[in-house]
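Structure assessment
One letter stands for each residue in the lines below.
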Amino acid sequence: MTTPEQFKTEMIGLLPRLRRFAMSLTRSAPDADDLVQDACAAALQKWHHYDPAQPLDRWMFRIIRNLWISEIRKRQVRQGQGHVSAEETTELQTADADEALAAKQVQGKVSALPVELSRPLMLVCAEGYSYLEVSQLLEIPIGTVMSRIHRARKLLISALGQEEDIVT
Amino acid sequence: MTDLSTKLSAYLDGELEAADAQTIDALLESDPAAQAELDALMAADALACEQFDALLMDPVPLALAHKIKSSPVGSPPPRGSARLIGSALAAGLAFFVFGGIGGYLLKDQIAPSGTVVANSGWLSDIADYHAVYASQQRHLVEVPAEESAHLVKWLGETVGVEFSIPDLSDFDLTFEGGRLLVAAGKPVAQLMYRQPDGTVIALCLQSGASGGTVSAPGFKEQTIKGFDFVWWSSNGAKYVVIGPGGNPGLAEIAAQAAREV
């Protein structure tokens, strides 16, 4: 049986990873910290619903994502954009992703990726998620997960090539 | 090529069906262009992993960790404006008022700079393994030092990183052998050394970092779960030396290991 103190200690140990995931959603450090704090507060309120047999990080990621969707919906409603789908709420508008990435070139290649591409890549590459798990967490089709991860890698390859061109 | 490239990307993640993976295996042996595409995808992946891991090094605001420690469980905590708490004034107040308490509560997770250390996935896993195996006497290793040639071949192939076993006898460290671990979902080679007083120091390596130079790796130090870590990346692999907390010579041991591994 997990005690509240054990639960909190484990949660604090996860903070760097929770902030990284939150950053993949918000692209803003202050917003990410707000989001993580709200998610931790929400988790502490319902900690007795947490099944210790399940990884705490997965549970926390889901809470963070749901809170972010809720926050974006509120902002968009406030801005008069009306109701939007969950998928739309988590995506940035990236009309010309390749051009945006090329502009940033050498520094921060991963952070220059469009958020809809970097997020699944981070979950697979850094968090060890399967495509199915990413699909379930982000609520996008598994084929979309596969194509977005591929596209993210291709954009990084392109950025690496530009870096080599600059060096030579 | 796009469709093949997409499949190669999924192949890299182990997400293809067995039959498709076998088809790719065969193709890679006969098609240099396919192999080159896979190599490029792997390079991109290594770059991404390194940069995502670097995000874990960002300092976590102490106020955020303290907020969790001080929040009541099971009752609605004050929602307030998180942005306000994140503001300089509130964070400063929280730090001064609760710093002492927070420091005690977080003593195993706070870096000397006063920030919560990054509990990186693979380092955290390695800390757990070290806690279990370092206390072992007869079963410290899976393959003993007497079988070093086999160990290098087996672990090198499994992890996907070529390496040599560093001679750390200058630090009174005797190579005892090695183990295969799994951290953050990837295989890890663990080389175990023991000092005369029984202190166990381990060198662990895992593929996944982007290229760099062996001659001048950037060393980083952390304390996780009571163990000290010195880690670096070079030539497509990540390395870490782990030992008991408060070991003043760990950085020198890591430097020697980096030169010889």
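Residues numbered from 1 in each chain as written. Chains lettered and ligands numbered in written order. Predicted model: local features only at pLDDT ≥ 70, side-chain atom pairs only at ≥ 80, totals over all residues. Heavy atoms only, no water.

So, about the overall build of chain B. From N to C terminus, chain B includes 9 helices and 7 strands. Once local pairs closer than 6 in sequence are excluded, the contacts in chain B between residues at least 24 apart make up 59%. Counting every atom, chain B has about 12400 Å² of accessible surface; 56% of that belongs to carbon and sulfur. (Helix = DSSP H or I, 4+ residues; strand = E, 2+ residues; numbered from the N terminus. Contact = heavy atoms within 4.5 Å. Areas by Shrake-Rupley, 256 points an atom, 1.4 Å probe, with all protein chains shown as cover.)

All names here are of chain B. Pairing is antiparallel across the open sheet formed by 7 strands, whose spatial order is S1-S2-S3-S4-S7-S6-S5. Strand pairing shows two members of the sheet lacking a second neighbour, strand S1 (143-144) and strand S5 (220-224), which therefore form its edges. Its contacts with the sheet place helix H8 (residues 148-159) against S1, strand S2 (174-183), strand S3 (186-194) and strand S4 (200-207), and it is angled at close to 20° to S2. (Pairing = 2+ DSSP bridges. Axes fitted to C-alpha atoms, helices over the stretch in contact; angles between N-to-C directions.)

Let us now look at the packing of aromatic side chains. With the rule as written, the count across this model stands at 9 aromatic pairs over all chains. Relative to A:Trp59, the ring of A:Phe7 has its centre 6.1 Å away and its plane inclined at 65°; by these criteria the two rings are edge-to-face. Residue A:Phe7 is found in helix H1 (residues 4-13), and its partner A:Trp59 is found in helix H4 (residues 56-78); the two are separated by 52 residues along the sequence. Taken together, a centroid distance of 5.2 Å and an interplanar angle of 55° make the contact between B:Phe175 and B:Tyr193 tilted. (Phe/Tyr/Trp six-rings, centres within 6.5 Å; stacked < 30°, edge-to-face > 60°.)

For the rest of this paragraph, the subject is the pattern of salt bridges. Applying the stated criterion across every chain, the model contains 15 salt bridges over all chains. A:Arg153 is paired through a salt bridge with B:Asp45; the nearest N and O atoms lie 2.7 Å apart. Residue A:Arg153 is located in helix H9 (residues 142-167), and its partner B:Asp45 is located in helix H3 (residues 32-55); the two belong to separate chains. Taken individually, A:Arg153 and B:Asp45 each receive the classification buried, so the pair is uniform in this respect. One salt bridge connects B:Glu37 with A:Lys154, and the closest N-O pair in it is separated by 2.8 Å. Remark: A:Lys154 occurs in helix H9 and B:Glu37 occurs in helix H3; the pair is interchain, linking two chains. With relative accessibility at 11%, the residue B:Glu37 sits in the buried group. Members of the salt-bridge network, linked through shared partners, are A:Arg17, A:Arg20, A:Asp57, A:Glu127, B:Asp53 and B:Lys238. (Salt bridge = Lys/Arg side-chain N within 4 Å of Asp/Glu carboxyl O. Buried < 20%, exposed > 50% of the residue type's maximum accessible area, 1.4 Å probe, protein only.)

What follows covers the interface of chain B and chain A. Contacts between the two partners involve 49 residues from chain B and, on the opposite side, 45 residues from chain A. Here chain B meets chain A over a buried area of about 4100 Å², counting both sides, of which 65% is carbon and sulfur. If you sort the residues of chain B by the area they bury against chain A, B:Phe52, B:Ile68 and B:Val73 come out on top, with a joint share of 17%. Here B:Lys69 ties to A:Glu5 by a salt bridge, and the two come within 3.7 Å at their closest N and O atoms. Across the contact surface, chain B and chain A share 12 residue pairs in polar contact (both at pLDDT 80 or more). Put simply, the parts of the chain that give the side of chain B that touches chain A at least two residues each are helix H1 (2-12), H3, helix H4 (62-70) and helix H5 (82-86) of chain B. The element best represented in the side of chain B that touches chain A is H3(B), accounting for 13 residues. Considered class by class, the residues forming the side of chain B that touches chain A number 27 nonpolar, 12 polar and 10 charged. (Buried area = accessible area lost by both parts, 1.4 Å probe. Polar contact = N/O pair within 3.5 Å; in protein donor to acceptor, adjacent residues only side chain to side chain. Nonpolar A, V, L, I, M, F, W, Y, C, P; charged D, E, K, R; others polar.)

When we look at burial in helix H8 (residues 131-138) of chain A, the residues that qualify are A:Tyr131, A:Val134, A:Ser135, A:Leu137 and A:Leu138. A positive phi of about 55° marks A:Glu139, the residue just after H8(A).

All names here are of chain B. Examined against the element boundaries, Glu-176 turns out to sit in strand S2. With 16 residues separating them in the primary sequence, Glu-176 and Met-192 have C-alpha atoms 5.6 Å apart. Among all residues touching Glu-176, those that are not within four sequence positions of it are Leu-140, Val-141, Val-143, Pro-144, Ala-145, Met-192, Tyr-193 and Arg-194.

Residues separated by three or four positions in an α-helix point in the same direction, a consequence of the helix having 3.6 residues per turn. With 11 of its 11 residues buried, helix H7 (residues 115-125) of chain A lies for the most part within the structure. Of all the positions in H7(A), only A:Val115, A:Glu116, A:Leu117, A:Ser118, A:Arg119, A:Pro120, A:Leu121, A:Met122, A:Leu123, A:Val124 and A:Cys125 are classed as buried.

Positioned with a positive phi, A:Arg27 is a non-glycine residue whose angle comes to about 60°. With respect to the helices and strands, A:Arg27 occurs in the loop between helix H2 (15-26) and helix H3 (29-45). A:Arg27 gets classed as partly exposed once you look at its relative accessible area, which sits at 31%. One non-glycine residue, B:Asp172, lies in positive phi territory at about 60°. Along the polypeptide, B:Asp172 turns up in the loop between H8 and S2.

Next up on the list: the confidence of the model for chain A. All names here are of chain A. A residue-level look at chain A finds 76% of positions with pLDDT of 70 or above and a mean pLDDT of 79. Mean pLDDT across the elements of chain A ranges from a minimum in helix H6 (residues 97-104), with 44, to a maximum in H8, with 93. Contacts for the low-pLDDT stretch residues 88-107, under 50 throughout, to residues beyond four places or in other chains number 36 contacts. (pLDDT = per-residue confidence, 0-100.)

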